[in-house]
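# A look at the structure
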Amino acid sequence: MPSYKAPVRDTLFLLNDVFQISRHADLPGFSDLTPETLQAMLEEAAKLAENVITPLNRVGDVEGCQRHPDASVTTPKGFREAYQQQAAGGWVGITAPEQYGGQGLLETLNVVVGEYFSSASLGFYMYGGLTQGAIAALLAHASDEIKAAYVPDLIAGKATGTMNLTEAHAGSDVGLSYARAHKAADGSYRVTGSKVFISGGEHDLAENIIHLVLARIEGAPHGTKGLSLFVVPKFLPAANGEPRKPNGVSCGSIEHKMGIHGNCTCVLNYDDATGWLVGEENGGMPAMFVMMNHSRLFVGGQGVGLAEVAYQNAVAYARERLQGRSLSGAKFPEKPADPIIVHGDVRLMLMSIRAFTEAARALIISTSLRNDVAIRKNDPAALRDAENHMALLTPVIKAFFSDQGFLSTVNAQQIYGGHGYIAENGMEQFVRDSRISQIYEGANGIQALDLVGRKLGLEGGQVVRAYFAEIESFLNEHAEDPGLAPYVTRTREALGHLQEATQWLAKNGAKDRDLVGCGARDYLQLFGLVALAHMWCQIAETVQRKLSEGAADPYLKAKLVTGQFFVERMLPETQFRLACVKAGGAGAMDMPAEQF
């Protein structure tokens, strides 16, 4: 069975040394986060991930969830107890306000812990992750009465949350939704319809499930502008001390999935179910986007988390598996063969995973930390800039990281050879589990269109120009630093490719929208590579500074080796991606549909 060790040291290196979180100690929420406190907190999260959640990963995959004749569902053995332990430890409500029972901590810490839990067991982690998204949506848009009724229970583990958008005929095109709602005399609504692919839709982890459901009020406009958001609990609130009554929502079936078997993905049927409006009528999409964007960032973290755990196990296997001899001569002549870690192909796969995970972790932390700082400064202009920065990077983090996360699990499986194809070794589960991250919370092709079609135009293009200027500023500042020369040179070249692709799309995309459709995926990949290169520049600068101060830690020197591998072996892909963007839709859009 695979093992897992949370990368606490790497996280602390990023927080304390690269991004210097202590600089913000004068801000609320930061003042108590000393290096010692941070370490203690992350070590506690690591213990839960390593000792409680990781052993459930294989159990959840083999047992799956079971639906019973009464439409109830039981989760795999140990899931309920682990979820209650997670909630009791404060991890579900880590960022929620203290007035509702939360800890009021930084979102940055939440994304770090989310990576650990995703590595340990994605199927299990999704219950808590979606619940956090529901909490965020309710806090942002629900009435005080609804917040008081449901948020404390979600935080305490008495309830979990779900997101109900998708219907069988309407996947990414949410505006086609048929679910409907009509207002009752008491001010509540009656919701009727069917939703599919609802993660955590029915289970036995908690006493209640709070469903956030998009539906169309009778007479509302067609499309997304006519959708409203409702909170629909599995059990209705108790009145006058009476037992809570079941609501008109039931699990019609469980989806039989490729992976994440430990998470109960349901068809949910709403039959005149009682719900309450969240926010304004016909304002469901802005409210739901709070939950969706929260989830998209966490899906990026899932890609990093699964790449990390797959890498750890692939390294352990490569150090022990004896096959052949090194091409440059036997490295372990006392053994019948060398371990496969001596072989170039194996090392290239391992280094590709490592170079991705370390920079990707940095980008998630950097993006989230910037937002945390802006929120606590209580500066509207700074907050707007931080939110725009996060909006620009959200599709990149979601799509690029999930693409690379899946590729990383495939490479880790490849290192195992035939043993990677055998279920007992766990590698094929990582591949199956990671595949969904490219699909849910907005398929990656949709994320690419969002980046090119919407996010590049934020503030008239000022947001993306500011991002490019930020990278250029770092490169100019360190242009004469000999220790950073390979990073600066390669990143400047890659940034040039990204700027050229941006200008090309702006010039040609308006004339032919199919150019956008065909070039968006390659553009997003190009953008992601440059974003990670920027992180490697900052990591390398930090390492060089610490080495110049007398540090002689092999850990730091390994960072330089890994970063140089990224800029020399992985970053040159930007030239290929630029060529693909500029190729437009030639061939793909010329083929008549009937000839496919």
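Residues numbered from 1 in each chain as written. Predicted model: local features only at pLDDT ≥ 70, side-chain atom pairs only at ≥ 80, totals over all residues. Heavy atoms only, no water.

## Examining the packing of helix H4 (residues 107–120) against helix H7 (residues 284–320)
For the pair H4 and H7, the least separation of the axes is 7 Å and the interaxial angle reads 45°. Put simply, H4 runs oblique to H7. Here the hand of the crossing between H4 and H7 comes out right-handed. The residues of H7 that touch H4, namely those facing Glu 107, Asn 110, Val 111, Gly 114, Glu 115, Ser 118 and Ser 119, are His 294, Phe 298, Gly 301, Gln 302, Val 304, Gly 305, Leu 306, Glu 308 and Val 309. Taken together, the residues that form the contact of H4 with H7 break down as 5 nonpolar, 8 polar and 3 charged. (Axes fitted to C-alpha atoms, helices over the stretch in contact; angles between N-to-C directions. Helix = DSSP H or I, 4+ residues; strand = E, 2+ residues; numbered from the N terminus. Parallel < 35°, antiparallel > 145°, perpendicular 65-115°, else oblique. Left-handed = near helix turned anticlockwise from the far one by under 90°. Contact = heavy atoms within 4.5 Å. Nonpolar A, V, L, I, M, F, W, Y, C, P; charged D, E, K, R; others polar.)

## Here we look at the pairing of strand E3 (residues 159–164)
Among the 6 residues of E3, 6 are classified as buried, and the element is accordingly described as predominantly covered. Here E3 shows no split at all, with Ala 159, Gly 161 and Met 163 on one side and Thr 160, Thr 162 and Asn 164 on the other all buried. The pairing of E3 with strand E6 (residues 208–217) spans 6 bridges and is parallel. Bridge pairing in E6 links Thr 160 to Ile 209. (Buried < 20%, exposed > 50% of the residue type's maximum accessible area, 1.4 Å probe, protein only. Pairing = 2+ DSSP bridges.)

## A few points about the side chain of Asn 247
One can find Asn 247 in the loop between strand E7 (227–233) and strand E8 (249–254). Since its relative accessible area comes to 10%, Asn 247 is described here as buried. Contacts of Asn 247, omitting those with residues within four sequence positions, involve Val 232, Pro 233, Lys 234, Phe 235, Leu 236, Ala 273 and Thr 274.

## Examining the packing of H7 against helix H10 (residues 427–435)
In the contact formed by H7 and H10, the axes pass within 10 Å of each other and the chain directions differ by 165°. Relative to H10, H7 is oriented roughly antiparallel. Crossing of H7 against H10: the hand is left-handed. Of the residues in H10, those touching H7 at Leu 306, Val 309, Ala 310 and Asn 313 are Met 427, Phe 430, Asp 433 and Ser 434.

## With respect to the packing of aromatic side chains
Under the counting rule described, the total for this entry stands at 15 aromatic pairs. Each ring, one from Tyr 83 and one from Phe 124, has its centre 6.5 Å from the other, and the planes form 65°; the classification is edge-to-face. Of this pair, Tyr 83 sits in helix H3 (residues 79–88) while Phe 124 sits in helix H5 (residues 122–141), and the two are 41 residues apart along the sequence. Given a relative accessible area of 0%, Tyr 83 falls into the buried group. Judged by its relative accessible area of 0%, Phe 124 falls in the buried class. (Phe/Tyr/Trp six-rings, centres within 6.5 Å; stacked < 30°, edge-to-face > 60°.)

## Let's talk about the environment of Glu 334
In this fold, Glu 334 is placed in the loop between H7 and helix H8 (344–377). Glu 334 sits in the exposed class, given a relative accessible area of 59%. The sequence separation of Glu 334 and Arg 80 amounts to 254 residues, and the corresponding C-alpha distance is 50 Å.

## With respect to the pairing of strand E9 (residues 265–278)
Of all the 14 residues making up E9, 10 are buried; the element is thus mostly covered by neighbouring parts of the structure. Sheet topology note: the E7/E9 ladder contains 3 bridges and is antiparallel. Paired with Val 231 across the strands is Trp 276, a residue of E9.

## A closer look at the environment of Tyr 125
Note on placement: Tyr 125 falls in helix H5. For Tyr 125, a relative accessible area of 3% gives the class buried. Sequence separation between Tyr 125 and Ile 471 is 346 residues; the distance between their C-alpha atoms is 34 Å. Apart from residues no more than four positions distant in its own chain, Tyr 125 is found in contact with Gly 114, Phe 117, Ser 118, Gln 132, Phe 298 and Gln 302.

## Looking at the state of the cysteines
Applying the stated criterion to the full structure yields 0 disulfides. Looking at the unpaired Cys 251, the closest cysteine sulfur is the one in Cys 266, lying at 3.7 Å. (Disulfide = S-S within 2.5 Å.)

## Digging into the environment of Ile 436
Along the chain, the position of Ile 436 falls in the loop between H10 and helix H11 (444–453). Residue classification places Ile 436 among the partly exposed residues on the basis of a relative accessible area of 22%. Remark: the alpha-carbon pair of Ile 436 and Gly 259, spanning 177 residues in sequence, is separated by 7.5 Å.

## Notes on the nonpolar core
Looking at soluble globular proteins, one finds that nonpolar side chains tend to be buried together. One finds Tyr 116, Phe 401, Tyr 523, Phe 527 and Phe 566 to be the most contacted residues of the largest nonpolar core, which totals 186 residues. Sequence-distant contacts of Phe 401, that is, excluding residues within four places in its chain, are made with Gly 300, Gly 303, Val 304, Phe 356, Ala 360, Leu 363, Ile 364, Val 396 and Leu 532. (Core = buried A, V, L, I, M, F, W, Y, C linked by side-chain atoms within 4.5 Å.)

## Structural notes on the pattern of salt bridges
Pairs can form between side chains of opposite charge once their charged atoms are near each other. According to the stated counting rule, one finds 25 salt bridges in the structure shown. Notably, a salt bridge pairs Asp 553 with Arg 9, separated by 2.2 Å at the nearest N-O pair. With Asp 553 in the loop between helix H14 (513–548) and helix H15 (554–570) and Arg 9 in helix H1 (residues 8–18), this pair connects stretches of sequence that are 544 residues apart. A relative accessible area of 45% places Arg 9 in the partly exposed class. Residue Glu 500 is joined to Lys 582 by a salt bridge in which the shortest nitrogen-to-oxygen separation is 2.7 Å. Here the residue Glu 500 occupies a position in helix H13 (residues 485–508), and Lys 582 occupies one in helix H16 (residues 573–583), the gap between them amounting to 82 residues. The class of Lys 582 is partly exposed, set by a relative accessible area of 36%. (Salt bridge = Lys/Arg side-chain N within 4 Å of Asp/Glu carboxyl O.)

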